[in-house]
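Structural features, examined
Read off the chains here:
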Amino acid sequence: MNDLKDIPLYLWVVLIVLLLAQGCWIFWDASKRGENKWLWGLFGLLNIPSNLIVYLIVTRVVSKANLCNACGKKVRKNYSYCPYCGEMQNRET
Amino acid sequence: MSLNHQKIQEELLDIYYGEKHMTEEIRIHLDTCSECATYWKELDVLKNRMSAYDREVEIDERIIGRAFSKSNIIVERKKNLKDLLVFAIISSLLLALLGLLIYMGYGKSVIIVQIILMVCVPLLIPFMIRQRLMEEEY
């Protein structure tokens, strides 16, 4: 561990820049997917790359449900129609 | 056009829109005045033509709902962009603080914390997935 002092400054800079880039990307992706963007963004700042992997696994395995335009009930993202009212779901979101 | 004709034609317009009733005085005037009679006939023709277009317009609430949801998406995108900027500033400050800690000689502690997080955070995946499954009613 004493070798840590020999770590050049540019490696620290690279680490910090990567953390910033990772945090911003997670924040942006979480906001697009309707997740808690602030929580996920700060989570992304903590560690690289395990937090990114955790984020990708958690959000992709169980995707957040959309709300139906007509009845307001939760509808899974891969559904084309609301199972409660039959309304076609907006795929742009 | 005399003032009397103008007044009568204004009255005729009110009658046309159903705001007034046809009086005997106006009826007599129409029989005697060709100008006002022509005006009244024109209004009558117009009424017949307009009645052809007078039908119920079907309002589709779903189209309105979709338009609103599209506008909401655009507004939300703009808000997300602003939030991203704020987040980038906040995280830059936080990481600058981290840089300061490293500069002050706490680099070893930072590396230890990073290693601990790298090992421990993936252990949380099953709990996080379970929590989301419960939240999203799967």
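In this text the structure is predicted, and so the values were computed from the model without any measurement.

**Re the pattern of salt bridges**
Within this structure, the stated rule accounts for eight salt bridges over all chains. Glutamate 35 of chain A is the partner of arginine 132 of chain B in a salt bridge, and the nearest nitrogen-oxygen pair spans 2.7 Å. In this pair, arginine 132 of chain B sits in helix α5 (residues 125–135) while glutamate 35 of chain A sits in the loop between α1 (9–32) and α2 (37–46), so the two residues belong to two different chains. Take arginine 132 of chain B and glutamate 35 of chain A: they sit in the same class, and that class is buried. Measuring nitrogen to oxygen at the nearest pair gives 3.6 Å for the salt bridge that ties lysine 20 of chain B to aspartate 14 of chain B.

**A closer look at α1 of chain A**
Every α-helical turn comprises 3.6 residues, leaving residues that sit three or four positions apart pointing alike. End to end, α1 of chain A covers 35 Å across 24 residues, agreeing with the expected 34 Å (1.5 Å per residue, within 8%). Regarding α1 of chain A, the residues found buried are Trp12, Leu15, Ile16, Leu19, Gln22, Gly23, Cys24, Ile26, Phe27, Asp29, Ala30 and Ser31 of chain A. Packed against the buried residues of α1 of chain A are α2 and α3 (50–61) of chain A together with α4 (61–120) of chain B. Just beyond α1 of chain A, the residue with positive phi is glycine 34 of chain A, at close to 75°.

**What to know about the interface of chain B and chain A**
Counting residues at the interface gives 40 residues for chain B and 43 residues for chain A. In total, chain B and chain A occlude about 3,900 Å² of area from one another, counting both sides; carbon and sulfur atoms represent 69% of this. Between chain B and chain A we count four salt bridges in total. Inspection of the region where chain B meets chain A yields seven residue pairs in polar contact (both at pLDDT 80 or more). Here the side of chain B that touches chain A is built from residues that sort into 23 nonpolar, seven polar and 10 charged.

**Some words on the packing of α1 of chain A against α4 of chain B**
With their axes 9 Å apart at the nearest point, α1 of chain A and α4 of chain B run at an angle of 150° to one another. Considering their axes alone, α1 of chain A and α4 of chain B lie roughly antiparallel with respect to each other. Helix-helix and strand crossings are classified by hand; for α1 of chain A and α4 of chain B the assignment is right-handed.

**Section: the environment of aspartate 44 of chain B**
Along the polypeptide, aspartate 44 of chain B turns up in helix α3 (residues 34–53). Looking at aspartate 44 of chain B, the relative accessible area reads 42%, which means it is partly exposed.

**Considerations on the domain arrangement of chain B**
What the domain assignment lists for chain B is domain 1 (3–53) and domain 2 (61–135). Computed from C-alpha atoms alone, the centre-to-centre distance between domain 1 of chain B and domain 2 of chain B is 72 Å.

**Some words on the packing of helix α2 (residues 24–32) of chain B against α3 of chain B**
Two numbers describe a pair of packed helices, the interaxial angle and the distance between the axes. Residues and elements named next belong to chain B. Packing of α2 against α3 leaves a shortest axis separation of 6 Å and a crossing angle of 105°. With respect to each other, α2 and α3 are oriented roughly perpendicular. Within the contact between the two elements, α2 uses His29, Leu30 and Thr32 and α3 uses Ser34, Cys36, Ala37 and Trp40. Here the contact of α2 with α3 is composed, by residue class, of four nonpolar, three polar and no charged.

**What about the state of the cysteines?**
Should the sulfur atoms of two cysteines be covalently bonded, the bond is a disulfide. All names here are of chain A. Scanning the model with the defined rule gives zero disulfides over all chains in all. With no disulfide of its own, cysteine 71 has cysteine 82 as its nearest cysteine by sulfur position, at a separation of 3.6 Å. You can call cysteine 71 partly exposed: its relative accessible area is 34%.

**What about the packing of aromatic side chains?**
The relative placement of two aromatic rings is captured by the distance of their centres and the angle of their planes. All names here are of chain A. Scanning all chains against the criterion turns up seven aromatic pairs over all chains. Relative to tryptophan 38, the ring of phenylalanine 27 has its centre 4.9 Å away and its plane inclined at 75°; by these criteria the two rings are edge-to-face. Note that phenylalanine 27 is positioned in helix α1 and tryptophan 38 in helix α2, a separation of 11 residues in sequence. Of the residues examined, phenylalanine 27 reaches a relative accessible area of 0% and is grouped as buried.

What counts, and at which threshold
- Residues numbered from 1 in each chain as written.
- Chains lettered and ligands numbered in written order.
- Predicted model: local features only at pLDDT ≥ 70, side-chain atom pairs only at ≥ 80, totals over all residues.
- Heavy atoms only, no water.
- Salt bridge = Lys/Arg side-chain N within 4 Å of Asp/Glu carboxyl O.
- Helix = DSSP H or I, 4+ residues; strand = E, 2+ residues; numbered from the N terminus.
- Buried < 20%, exposed > 50% of the residue type's maximum accessible area, 1.4 Å probe, protein only.
- Expected span 1.5 Å × (residues − 1).
- Contact = heavy atoms within 4.5 Å.
- Buried area = accessible area lost by both parts, 1.4 Å probe.
- Polar contact = N/O pair within 3.5 Å; in protein donor to acceptor, adjacent residues only side chain to side chain.
- Nonpolar A, V, L, I, M, F, W, Y, C, P; charged D, E, K, R; others polar.
- Axes fitted to C-alpha atoms, helices over the stretch in contact; angles between N-to-C directions.
- Parallel < 35°, antiparallel > 145°, perpendicular 65-115°, else oblique.
- Left-handed = near helix turned anticlockwise from the far one by under 90°.
- Domains from an automatic or database assignment.
- Disulfide = S-S within 2.5 Å.
- Phe/Tyr/Trp six-rings, centres within 6.5 Å; stacked < 30°, edge-to-face > 60°.

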